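What follows is the residue order along each chain.
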Amino acid sequence: MHHFGSYEDRVKSFDWKISEKELEYQPGNVINIGWYCTDRICEMGKANKTALLWEGQGVPDRKYTYNDIRLASNTIGAYLRSLGIGAGDRVCLFMDKIPELYLGFLGVVKIGAIAQPLFSAFGDESLFIRLDDARTKAIITQRKHALKVRKILAQMPYLEHVIIVDHDGKKELKEREKPFSLDNATPVEHLEIHPTTAESPSVLHYTSGTTGKPKGVQHVHYSLISQYLTAKWVLDLRDDDIYWCTADPGWVTGTSYGIIAPFALGVTQCVQDVGFSAENWYRFIEKNKVTVWYSAPTAIRSLMKAGDEIVKKFTLTSLRHLASVGEPLNAEAVHWSNRVFGLPFHDTYWQTETGSIMITNFPGMKVKAGSMGRAFPGIESCVLDLKTYEPITEPGRIGLIAFKPGWPAMMRTYWNNPETYKNKFKNGWYLPGDRSSIDKEGYFWFAGRDDDIINTAGHLVSPFEVESALLEHQAVAESAVVAKPDEVNMEVVKAFVTLKRGFDAGPDLELDIMNFIRKRLSPLAMPQEIEYVASLPKTRSGKIMRRLLRAKEWGEEIGDTSTLEND
Ligand code: WT7
């Protein structure tokens, strides 16, 4: 029997108090995610249970019990405190998926500081924009990534500490750099947990905006109430599970469901920090006897591409529940997983701002392949008319996804940007910025984003950020960046550019521009194609019409062009 049971029963009797009660949380009391994920589990008698099974590239595997992660997070927390870091300070975690990323996250939130995880493939420009916005006080990183920090350090007087977790003692440390090794530090048995309460800030995740800089999505410790219950009911996590969330904690899935929820539930989770290949993934599932697997459509499509034969080389019978997030999960992917694993992938829909799963195909219920499923109990949802913002009542008509605010994991604001936060609401509804229809049984069918943001391999890329970076290239006069269809990644970045006089449009320059973006921003943001054009389509007011360029890439109708200037 699944934890979830029947949808109708759950909806009828739903109250977030169910989660509060299970977590023994009394409103008004202290609630600290770091404590819930470690100390509490130990107090419940699971100190010797395995919390984390870790596999890296060319190094021995690592295994941590709940007591180990309690001690390690205490030790990191105490160290940060000794540097003068405390409640409300932003501490960036800028690491590959190494154990210190997970343990550091817990240490940061234990002392009431705000964890700011950033994807370690970010280049110096992407990093700078986000650290500068958050006025980050300390960054915890690895030697190889510290080089990117060095490049921008002079511009960040507020960044007091650059903590390097794998310093070998040989290379010279530069300004503000401090070595810290968990292996050499004396474990701290007792750490005073900062008495954070429900509304104390916990995590700051940066997400891409359409027209402005990336936005810092600010979460609070009370988010645990949503994350815990959704992981239990949607991912169906149980005491004896071996859980694998493939997401990187640089993104929200990797924190909400790759750190917070599984540890707060006291399950064993495994983490793989090696490059992607179908062989690596199946071997990892077999080796750890993974039971619950939370992944993403791009990865699933890559596995499909690798073929059915390779699946047969491994024993994957431990798997019992599969879920997916980040992009539309095609019906074919669900049929494929049914065929090769004997289990369907269950789609889940949510976003950085919602903090926890909002819409899903629930375990134990019939999966409607191609649909995202139904709203989580307690979440009031609908789709709104694209023009009037009135709720649509007839099934099948596409509108804007809308949620009534009030669930525990909802972001509290955008960091330093209350205006943009306010604009996410219409008539009392929170609008995530996506379009969908709802069928007569209440299942949501995703229909695309309502803005120009590019979703590549489940990661959002802002065309604005790429365009701004392109302008810094010496050859680029103007640019427009849009999504282009891609078989595996769903969308990839494509840039249209006009060149300054004296530059040769050609493959050498294209490569040079691509590399420029990859280094400054990230491999995700790097255009996969650059098309040189003589001019860009603009509105009469001079705004570049990305919509036109995008429609061309997708072979779609161009629609209303009445405001076009140069046609
Ligand atoms: C955007 C959120 C929290 C998940 C990681 C990404 C798209 C997410 C689905 C889905 C279709 C989806 C939406 C959403 N998205 N899940 N199941 N089907 N689209 O978090 O970076 O904040 O991106 O990803 O467009 O708004 P994110």
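Parameters at a glance
- Residues numbered from 1 in each chain as written.
- Predicted model: local features only at pLDDT ≥ 70, side-chain atom pairs only at ≥ 80, totals over all residues.
- Heavy atoms only, no water.
- Buried < 20%, exposed > 50% of the residue type's maximum accessible area, 1.4 Å probe, protein only.
- Helix = DSSP H or I, 4+ residues; strand = E, 2+ residues; numbered from the N terminus.
- Arc of directions from axis to C-beta.
- Contact = heavy atoms within 4.5 Å.
- Pairing = 2+ DSSP bridges.
- Expected span 1.5 Å × (residues − 1).
- Near = heavy atom within 4 Å.
- Polar contact = N/O pair within 3.5 Å; in protein donor to acceptor, adjacent residues only side chain to side chain.
- Areas by Shrake-Rupley, 256 points an atom, 1.4 Å probe, with all protein chains shown as cover.
- Nonpolar A, V, L, I, M, F, W, Y, C, P; charged D, E, K, R; others polar.
- UniProt positions renumbered as here; feature names shortened; annotations may be inferred.
- Domains from an automatic or database assignment.
- Salt bridge = Lys/Arg side-chain N within 4 Å of Asp/Glu carboxyl O.

For helix α8 (residues 143–152), the complete set of buried residues consists of His145, Ala146, Lys148, Val149 and Ile152. Looking down the long axis of α8, one finds its buried residues gathered within 155° of arc, a one-sided arrangement. Buried residues along α8 sit in contact with β3 (90–94), α7 (124–134), β5 (138–141), β6 (161–164) and β7 (177–179).

The subject of this paragraph is the sheet that holds strand β1 (residues 50–56). Pairing in this open sheet of nine strands is mixed, and the strands run β2-β1-β11-β10-β12-β13-β14-β15-β16 from one edge to the other. Each of the sheet's edge strands pairs with one partner strand only, and the pair in question is β2 (62–65) and β16 (374–375). Two strands pair when backbone bridges link them, and strand β13 (residues 321–325) and strand β14 (residues 345–349) are joined in this way by four bridges, in the parallel orientation. Considered in β14, the bridge of Ser324 is made with Asp347.

A few words now on helix α5 (residues 66–82). Under the 1.5 Å per step criterion, the end-to-end length of α5 is 24 Å for 17 residues, consistent within 8% with the ideal 24 Å. Listed in full, the buried residues belonging to α5 are Tyr66, Ile69, Arg70, Leu71, Ala72, Ser73, Asn74, Thr75, Ile76, Gly77, Tyr79 and Leu80. Phi turns positive, to about 95°, at Gly84, one or two residues after α5.

So, about the site of the ligand. For the ligand, the set of nearby residues contains 18 residues, the closest of which are Asp347, Thr348, Thr352, Asp434 and Arg449. Within the side chain of Asp347, an N or O atom sits 2.8 Å from a nitrogen atom of the ligand. The protein chains hide 96% of the 560 Å² of surface that the ligand would expose on its own. When residues of the shell around the ligand are traced back to their parent elements, those giving at least two are α10 (252–264), β14 and β23 (444–449). It is β14 that provides the largest number of residues to the shell around the ligand, a total of three residues. For the shell around the ligand, the class distribution of residues is eight nonpolar, six polar and four charged.

It is worth spelling out the UniProt feature "domain: AMP-binding enzyme C-terminal" (unreviewed entry) in the protein at this point. Within this structure's numbering, the places UniProt gives as "domain: AMP-binding enzyme C-terminal" (unreviewed entry) are residues 465–543. The straight-line gap between the two end C-alpha atoms of residues 465–543 is 16 Å; of that span, 27% is helix and 32% is strand.

Moving on, we come to the domain arrangement of the protein. When its domains are assigned, the protein resolves into domain 1 (7–436) and domain 2 (454–554). Once you take the C-alpha centre of each, domain 1 and domain 2 turn out to be 30 Å apart. Each partner contributes residues to the interface: domain 1 has 25 residues there, and domain 2 has 21 residues. On inspection of domain 1 and its partner domain 2, the count reaches two salt bridges. A salt bridge links Arg130 to Glu465, with the shortest nitrogen-to-oxygen separation between them at 3.1 Å. Our enumeration of links across domain 1 and domain 2 arrives at 13 residue pairs in polar contact (both at pLDDT 80 or more). At the level of secondary structure, the elements contributing two or more residues to the side of domain 1 that touches domain 2 comprise α7 and α12 (297–306). A per-element tally of the side of domain 1 that touches domain 2 places α7 first, with five residues. Tallied by class, residues from the side of domain 1 that touches domain 2 come to seven nonpolar, eleven polar and seven charged.

Before going further, it helps to spend a moment on the pattern of salt bridges. Under the counting rule described, the total for this entry stands at 48 salt bridges. Its salt-bridge partner being Lys110, residue Asp39 comes within 3.0 Å of it at the nearest N-O pair. On the criterion of sequence distance, the pair formed by Asp39 in helix α4 (residues 39–46) and Lys110 in helix α6 (residues 99–110) is long-range, its members being 71 residues apart. Accessibility expressed as a relative area gives 0% for Lys110, which makes it buried.

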